[in-house]
Amino acid sequence: MVESYLGEEFNLTGKNPSDEALKRWRKAVTLVKNHSRRFRHVADLDKRSIHQDRFTKIKENLRVTFLTVRAAMRFMDAGGTHPDNHKPKDAKVSDFRNNPDKLASMVQNYDMKTLLSLGGVDGIAKAVEVSIDEGVKSNDFSVRQETYGVNKYTEKPSKSFFMFVWEALHDLTLIILIVCALVSIGVGLATEGWPDGIYDGLGILLSILLVVTVTAVSDYKQSLQFKDLDKEKKKISCHVTRDGGRMKVSIYDLVVGDVVHLSIGDQVPADGIFISGYSLLIDESSLTGESHAVNIDNKKPFLLGGTKVQDGSAKMLVAAVGMRTEWGKLMETLSEEGENETPLQVKLNGVATIIGKIGLGFAVLTFLVLTVRFLIEKALRNEFSSWTSSDAMSMLDYFATAVTIIVVAVPEGLPLAVTLSLAFAMKKLMDDKALVRHLTACETMGSSTCICTDKTGTLTTNHMVVDKIWVSGKTKDVKEPSELSQDLSTTILECIFECTSAEVVKDKDGKTSILGSPTESAILEYGLLLGGDFSTIRGAIKVIKMEPFNSAKKKMSVIVCLPDGQIRAFCKGASEIVLGMCDKIVDVSGEVVSMSDEKAKLITDVIKTFADNALRTLCLAYSDVEDGFNMQKDIPKDSYVLLAVIGIKDPLRPGVKEAVETCSAAGITVRMVTGDNIHTARAIAKECGILTEGGLAIEGPEFRAKTTQEKSILAPRIQVMARSSPTDKLDLVKHLRGLSEVVAVTGDGTNDAPALHESDIGFAMGIAGTEVAKEQADVIVMDDDFATIVKVAKWGRAVYINIQKFVQFQLTVNIVALMINFVSACITGSAPLTAVQLLWVNLIMDTLGALALATEPPNDGLMARPPVKQSESFITKTMWRNILGQSVYQMAILFVLNFAGKTILNLQGPDATAVLNTFIFNTFVFLSTVVFQVIIVEFLGTFASTVPLNWELWLLSIALGSVGMPIAVILKCFPIKPVVHDGYEILSAGPESV
């Protein structure tokens, strides 16, 4: 009903709304009591605009610098010269020692001549007193931070508690009431003296103080929650060499001189210089806006913090950190923008505006009725020309009552309750291993109809081990003793240890561990099990060129020079990809023979058998390169010798099957989207309950080949998509969203970023996920567990229901408070609820009510019903039935008491009116809540215009208030016709049915 009067400006898209849309709804919110508090948790568009201009200017300057440098490099290359051949300008290593500004300037200005004059990266290492092989020593850490700075950017200091008190005092209606209270005290002292003359005014001031204090405490605690969440969001790790070993550290602990290991998907954590690496491709668009990735090597060795590794791997020497990097300066700018508001916040701002206007109208009418009636009575008594201080106090009381009606009637707490509920949910979800990066994600997840999930690490444990291997024509369990010939065993070990991005390291105690992805670690572990020595083999073989694994190629290749001078290519990757590159095979006798169609079919059957047993399959292969290798050429793509087929076991996570069943009961379809082959994917999907009878399992290339219309028909039926590329995942998400699905997507790789961005809710994996994926995600699943995603869905639904409960409660109190004061003013000439009492009611509604209702944890019943469509009305017909039903009951009780209470309760004597009004106030609050009501009635009567009640009236207040519960049960007997949408019923039962 109320929502039907909202304009289009209050319909905000859930993800990435435009600044124009954000400005439109702000302009439409015309009635705001406290602007700074109401808009505290929304984006500061003015700051955003200023900062965006500054950001754009810095990026343009950087872009010009980069283009100039690249043009110079191309000019030198075209002239047949190389920067190495140019006379370097004079520079001494000693000039750069303990000189962080000079180091930072050299990197940011791409000063190649200075770098060369210092002796390249080795010279810089000498200047910062570090060994490239050993890395920074732990005992130098604090000294380096003092000398070169810390790797953190300047952040805006947090608000103190008193700032929240100050903001709460900016409420316009409270300011007016403070003025009224001060005037009341002044007039009261002049007429009634001390202390009787101060009670009315002091009562209002104390009530305002209580409201402000409770509000400030609530807001301050909420700000601390957001601060904790913000700290979690910024936790990024990287690999470094320190004390001669490789280890994982926070990027905020990096110091100048650190040797950082970079791989695909990493964010470059600071400014630095390229040491060594393979095929390093850097995306600098975050700094320069340039969409073309840049190759980094010894000719172009400078790396800037904040850029992303698009391909390849490398080691980098850190040369500048924190605020001495361009990224640090940009992050300082962007840290003050704030987060976009959620659709529900915007919608409830609109509802609050409409209800506030109605309340304002009632407040003005109440004041006019009371004033006109007072003037008429005064005229009838022929006292119109005679005015006393008592008359002034009466007029002041009328005005204070009218202003307080506005305080109660403008539901400022509605949009703020959404923030409170979301903040509470985000805090609890963090304890459940889900880091919500954007408020809107928690809200949207409650309406999700579909989850497109990865397999590896999300549905499975990601604790991989090699289980079976096919080699020399035989399938073997890895636990069986190896019977391989020495030559074949050596070749397999060379392939395993050279064609990898992982590393075998030893700690100070000599304990061996493997740093790398779970798949890489499993294969290296198998190599060690075969008796291989990682360091010895790596030390004897020289790597010429490497192509790291990525999800597009689904393979990794490397060209090496063996100790005997033979140039050899090794390849490892998806079984059917690598098998297609092979034309030879190692037979039973260990000899290399041609691969016939019969042998190819045999290997394909082996791969299928492994896959049907839910094993992930990879192939190892090699190819000898004759007549040397030209670095400008690609690594060979054919004529390989197949060495082995490896079957890797990755068990299903405990609880995944139950989580999938929960999703099914909740009307959420789970779809597996994986790079594994169709047989492995199908086996895992059946095991965890994703692939059901009638469901479709399809391969990415097959889906890719379909027409747009065919894809739209197939998309709802797809339960498994195997051998999918990131483009296939993105395409599936687009088609599902085109069918009005609310789609959640999981991703961990760099190439998953577009699908995460396109989805309604993007989930990145906290353990296996790259920084690029995390940056595009709305939620980071810190334990990589699918069951955690289901918890987010449950909390999303709880947020929705909790806000519905709060809205139902607040609207009921609003209607009753407005009507009882307005009608009473029209008929009797006085308002039974005074300013202090209405402030108390407002405190119950806006703060205590929100804390009680908006922070209720979810229950299992929430996941036993279909999701609510985002387009559906938030305030449902069932809620209106409950609001109106409860309002009618409460108004009936209060009107009877107001007009016939003295007779019914047999109240007599001079304090009969005071007792009756106190009883009305007490009953009204008991119809809503009980907390603290005894204190205000029994002990704060002088300030709250109440008198203590006898036990009979207390019991009657409680009894009349308690009748609200059976009334709610009776109201449920009046059915609301459900609306059917796309074959399912929406959640129309409202909050009371949960």
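Use the structure listed above.
Source: prediction; values computed, not measured. (Residues numbered from 1 in each chain as written. Predicted model: local features only at pLDDT ≥ 70, side-chain atom pairs only at ≥ 80, totals over all residues. Heavy atoms only, no water.)

Caption draft 1: Representation of unusual backbone geometry in the model. Phi angles above zero are rare outside glycine, and Tyr110 is one such case at about 50°. Structurally, Tyr110 can be placed in the loop between α5 (100-108) and α6 (112-117). Tyr110 sits in the buried class, given a relative accessible area of 15%. The phi angle at Ser639 is positive, at roughly 60°, despite the residue not being glycine. Here Ser639 shows up in the loop between β19 (615-625) and β20 (640-649). (Helix = DSSP H or I, 4+ residues; strand = E, 2+ residues; numbered from the N terminus. Buried < 20%, exposed > 50% of the residue type's maximum accessible area, 1.4 Å probe, protein only.)

Caption draft 2: Main features of the packing of aromatic side chains. Within the structure shown, the criterion is met by 7 aromatic pairs. With a centroid separation of 5.9 Å and an interplanar angle of 75°, the aromatic rings of Phe374 and Tyr398 are classed as edge-to-face. One end of the pair, Phe374, is in helix α14 (residues 343-380); the other, Tyr398, is in helix α15 (residues 389-409), with 24 residues separating them in the sequence. Their ring planes at 65° and their centres at 5.8 Å tell us that Phe424 and Trp795 sit as a pair that is edge-to-face. Here Trp795 lies in helix α30 (residues 786-828) and Phe424 lies in helix α16 (residues 413-431), a separation of 371 residues in the sequence. According to the relative accessible area criterion, Phe424 is buried, its value standing at 19%. Three or more aromatic residues joined by ring pairs form one cluster here, namely Phe161, Phe162, Phe164 and Tyr220. Here Lys102 stacks its cationic end above the ring of Phe96, 5.4 Å away from the centre of that ring. (Phe/Tyr/Trp six-rings, centres within 6.5 Å; stacked < 30°, edge-to-face > 60°. Lys NZ or Arg CZ within 6 Å of the ring centre and 35° of its normal.)

Caption draft 3: Spatial organisation of the pattern of salt bridges. This model, assessed by the stated rule, comprises 25 salt bridges. Between Lys572 and Glu520 there is a salt bridge, with its nearest N and O atoms 2.5 Å apart. Of this pair, Lys572 sits in strand β16 (residues 567-574) while Glu520 sits in helix α19 (residues 518-529), and the two are 52 residues apart along the sequence. Side by side, Lys572 and Glu520 carry an identical accessibility label, which is buried. With a shortest N-O distance of 3.1 Å, Arg737 and Asp760 are connected by a salt bridge. Taken together, the residues span a long stretch of sequence, with Arg737 in helix α27 (residues 726-738) and Asp760 in the loop between α28 (753-758) and β25 (761-765) at a distance of 23 residues. For Arg737, a relative accessible area of 32% corresponds to the partly exposed category. Classification of Asp760 by relative accessible area gives buried; the value is 14%. The structure contains a network of salt bridges with shared partners spanning Asp454, Lys729 and Asp752. (Salt bridge = Lys/Arg side-chain N within 4 Å of Asp/Glu carboxyl O.)

Caption draft 4: Examining α14 more closely. Spanning 38 residues, α14 covers 55 Å between terminal C-alpha atoms, matching the ideal 56 Å at 1.5 Å per step. Of the residues trailing α14, Asn382 is marked for its positive phi of about 60°. (Expected span 1.5 Å × (residues − 1).)

Caption draft 5: Local environment of the nonpolar core. Core analysis: the biggest nonpolar cluster contains 135 residues, and Leu177, Leu348, Met445, Phe763, Phe786, Ile803 and Val807 have the highest contact counts within it. If sequence neighbours within four positions are ignored, Phe763 has contacts with Met445, Ala744, Val745, Thr746, Gly747, Leu756, Ala777, Val779, Val781, Ile789 and Val792. (Core = buried A, V, L, I, M, F, W, Y, C linked by side-chain atoms within 4.5 Å. Contact = heavy atoms within 4.5 Å.)

Caption draft 6: Region of interest: the side chain of Thr674. Topologically, Thr674 is positioned in the loop between β21 (669-673) and α24 (678-688). Note on Thr674: relative accessible area 5%, which makes it buried. Polar side-chain contacts of Thr674 include one of 3.1 Å to the backbone nitrogen of Asp676. Not counting residues within four places of it along the chain, the set of residues in contact with Thr674 comprises Lys455, Ala681, Met721, Ala722, Arg723 and Ser724. (Polar contact = N/O pair within 3.5 Å; in protein donor to acceptor, adjacent residues only side chain to side chain.)

Caption draft 7: The packing of α30 against helix α32 (residues 877-905), seen in detail. For the pair α30 and α32, the least separation of the axes is 9 Å and the interaxial angle reads 30°. The angle between α30 and α32 falls in the class roughly parallel. The hand of the α30/α32 crossing is right-handed. The class makeup of the residues in the contact of α30 with α32 is 15 nonpolar, 10 polar and no charged. (Axes fitted to C-alpha atoms, helices over the stretch in contact; angles between N-to-C directions. Parallel < 35°, antiparallel > 145°, perpendicular 65-115°, else oblique. Left-handed = near helix turned anticlockwise from the far one by under 90°. Nonpolar A, V, L, I, M, F, W, Y, C, P; charged D, E, K, R; others polar.)

Caption draft 8: Inspection of α30 at higher detail. Under the 1.5 Å per step criterion, the end-to-end length of α30 is 63 Å for 43 residues, consistent within 8% with the ideal 63 Å. With 35 of its 43 residues buried, α30 lies for the most part within the structure. One side-chain oxygen at the N-terminal end of α30 lies 3.1 Å from the backbone nitrogen of Ala787; it belongs to Asp785.

Caption draft 9: Highlighting the packing of helix α23 (residues 656-665) against α30. For the pair α23 and α30, interaxial distance at closest approach is 9 Å and the crossing angle is 30°. By the angle between their directions, the pair α23 and α30 is classed as roughly parallel. Where α23 crosses over α30, the handedness of that crossing is left-handed. Only Phe786, Ala787 and Val790 of α30 make contact with α23, whose side of the interface consists of Val656, Ala659, Val660, Thr662 and Cys663. In terms of residue class, the contact of α23 with α30 is built from 7 nonpolar, 1 polar and no charged.

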